[in-house]
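# Structure assessment
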Amino acid sequence: MQRKKYTRSFTTLWIAAILYRHKREAFLPSALTGRVHESLLAYIRQETAGEGYDETYGWSHTLAHAADALDELIQLDELSDDQRRQLAEVIINKMAFLYHVLSHEEDERMTIAIHSVLRNGLSPDTVGCMIKEKTTVVIALWPEVTEANLRIRTNFKQFIRSLYFCLSDFPSLKKTLYECEQLFSGIYHKKPSS
């Protein structure tokens, strides 16, 4: 099982390197870049390994490496707006990660990919709506305190905070992120009743 996780993780780094080169020299056929898009979407949806570093085996960093591949894919000229929207949606959904508390800056690496989506034309309002929808789903889990729900909440809240500090060139989206973060923080900071 360990070997498969590392194979997946480091394969995505190869994909990132190939897409980086293709971005500069355009050597991949468009049908292949379409297949890479579909394959990365499927991979991100299915990935359950979230460990960053293991004292015995070293870095696995599945989600961070996947973020690098996603970032390179998002920057390709041949990607459509709809494909970029799909990638943003899968990233946002994945950052409400169930299986582990993400503690090796996976949120920051995924933030870079979201920033690329925005720089490549996806509307900040579209991204903001996706984040608001996911925030609503995650907050709705809160009344039931389980280990899984706490992981989801922690991971997604950290992702929102990383986005907030990264996206200074998108003020309307920053406002949405601030509002979402305040919904999470409001759980702890209830106003006293009069």
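Source: prediction; values computed, not measured.

About the thresholds
Residues numbered from 1 in each chain as written. Predicted model: local features only at pLDDT ≥ 70, side-chain atom pairs only at ≥ 80, totals over all residues. Heavy atoms only, no water. Phe/Tyr/Trp six-rings, centres within 6.5 Å; stacked < 30°, edge-to-face > 60°. Helix = DSSP H or I, 4+ residues; strand = E, 2+ residues; numbered from the N terminus. Buried < 20%, exposed > 50% of the residue type's maximum accessible area, 1.4 Å probe, protein only. Lys NZ or Arg CZ within 6 Å of the ring centre and 35° of its normal. Polar contact = N/O pair within 3.5 Å; in protein donor to acceptor, adjacent residues only side chain to side chain. Contact = heavy atoms within 4.5 Å. pLDDT = per-residue confidence, 0-100.

Here we come to the packing of aromatic side chains. A complete count under the given rule lists 5 aromatic pairs for this structure. Taken together, a centroid distance of 5.2 Å and an interplanar angle of 90 degrees make the contact between Y164 and F165 edge-to-face. For the pair Y164 and Y178, a centre-to-centre distance of 6.4 Å together with 45 degrees between the ring planes defines the contact as tilted. One end of the pair, Y164, is in helix α7 (residues 147-166); the other, Y178, is in helix α8 (residues 171-185), with 14 residues separating them in the sequence. When its relative accessible area of 45% is taken as the criterion, Y178 is described as partly exposed. Site record: aromatic cluster; members linked through ring pairs are F156, F159 and F184. Stacked on the ring of W142, the Lys or Arg R153 has its end atom at 4.6 Å from the ring centre.

Moving on, we come to the side chain of Q75. Mapped onto the secondary structure, Q75 falls in the loop between α3 (62-74) and α4 (81-94). A polar side-chain atom of Q75 sits 2.9 Å from a polar atom in the side chain of K23. If we ignore the near neighbours within four places in the chain, the residues touching Q75 are K23, R84, S116 and N120.

The next subject is the confidence of the model for the chain. Here the chain averages 92 in pLDDT, and 95% of its residues register 70 or above. The lowest-confidence element of the chain is strand β1 (residues 53-54), averaging 76 in pLDDT; the highest-confidence one is α4, averaging 98.

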